[in-house]
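Overview (structure and organization)
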Amino acid sequence: MQVVVIGNAPNRKLIDLEVVKESFFTIGCNALYRDFEPDILVAADKGMQEEILASEYSGRTIFHKRSIEYPPGQELVSERMRSSGLYAIRYAKQLECSHIYLIGFNPQSGYNMYDGTHNYRRSSALGGSQFEVSRHCRDKRVIWVTDLKKHKKIERRQLMTPSNFIKLADKRLEKGS
């Protein structure tokens, strides 16, 4: 099995997530549900959880336990989650998978494609977690899909351009995997 963890940095728009879902197991974060239904949606923030629960979203969710009322059967994690993205990566690493691709995690950017929308103040603080995201990339299974030209200074991580990832997804789709 190969997993794609989907964050919400603007570079995520370069990849057709519907094609990704046909070829990979997907784990997404927070407001991603507004545009796409991953196999698992992770949310740590109380406001985001309340928004998801109030919506008609019916996909599988994993929430960090907060002081809100959850529906029966809601999958909850009581361990501390620094961010939804970090937990999604950690969860993917627990699965028996050969590769974990990270899409929508910008290593040197604090911008989120949902900035300025409900539950996202302008310039969400993604940047603080990006160092921790990069630490997960020391795992040889983790491949960060990002623009290599912009991030040449990143060391000790496996990187892949969005265009090469799209080619990989297309090949997997052709093979029917």
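This write-up is about the structure you can find in this document. What you see is a predicted model, and the numbers here were worked out from it, not measured in a lab.

Thresholds, definitions, all that
- Residues numbered from 1 in each chain as written.
- Predicted model: local features only at pLDDT ≥ 70, side-chain atom pairs only at ≥ 80, totals over all residues.
- Heavy atoms only, no water.
- Patch = residues over 30% accessible without salt bridge, like charges linked within 9 Å, V, L, I, M, F, W, Y side chains within 5 Å.
- Areas by Shrake-Rupley, 256 points an atom, 1.4 Å probe, with all protein chains shown as cover.
- Salt bridge = Lys/Arg side-chain N within 4 Å of Asp/Glu carboxyl O.
- Lys, Arg positive; Asp, Glu negative; His and termini not counted.
- Charge placed at Lys NZ, Arg CZ, Asp CG, Glu CD.
- Helix = DSSP H or I, 4+ residues; strand = E, 2+ residues; numbered from the N terminus.
- Buried < 20%, exposed > 50% of the residue type's maximum accessible area, 1.4 Å probe, protein only.
- Right-handed = clockwise from strand over helix to strand, strands pointing away.
- Pairing = 2+ DSSP bridges.
- Phe/Tyr/Trp six-rings, centres within 6.5 Å; stacked < 30°, edge-to-face > 60°.
- Lys NZ or Arg CZ within 6 Å of the ring centre and 35° of its normal.

**Let's talk about a negative patch on the surface**
Together, D16, E18, E22, D170 and E174 line one region of the surface with negative charge. Sorting the residues of the negative patch by element identifies helix 1 (17–23) and helix 5 (162–175) as the ones contributing at least two each. Among the structural elements, E174 can be located in helix 5.

**Overview of the pairing of strand 4 (residues 61–64)**
The two faces of the sheet receive side chains in turn, since in a regular strand these alternate between them. In strand 4, alternate side chains face the same way, and those of T61 and F63 on one face and I62 and H64 on the other are all buried. Taking the sense of rotation as the criterion, the β-α-β connection linking strand 3 (residues 40–43), helix 2 (residues 46–54) and strand 4 turns out right-handed. Of the pairings in the sheet, the one linking strand 4 to strand 5 (residues 75–77) comprises three bridges and is parallel in character. Bridging across to strand 5, I62 finds its partner in E75.

**Observations concerning the pattern of salt bridges**
Under the criterion given, the structure shown has three salt bridges. The partner of R12 in a salt bridge is D35, with the nearest N and O atoms 3.7 Å apart. Within this pair, whereas R12 is found in the loop between strand 1 (2–6) and helix 1, its partner D35 is found in the loop between strand 2 (25–29) and strand 3, the two being separated by 23 residues in sequence.

**Thoughts on the packing of aromatic side chains**
We describe a pair of aromatic rings using the distance from one ring centre to the other and the angle between the two ring planes. Counted according to the given criterion, the structure contains seven aromatic pairs. When the centroid spacing of 5.4 Å and the interplanar angle of 25 degrees are considered together, the rings of F24 and F165 count as stacked. With F24 in the loop between helix 1 and strand 2 and F165 in helix 5, this pair connects stretches of sequence that are 141 residues apart. Judged by its relative accessible area of 4%, F24 is buried. Judged by relative accessible area, F165 falls into the buried class, the value being 0%. With centroids separated by 6.1 Å and ring planes inclined at 40 degrees, the aromatic side chains of F63 and Y70 adopt a geometry described as tilted. Just as F63 is buried, Y70 falls in that class too. Its guanidinium or amino end placed over the ring of F36, K21 lies 5.8 Å from that ring's centre, counting from NZ or CZ.

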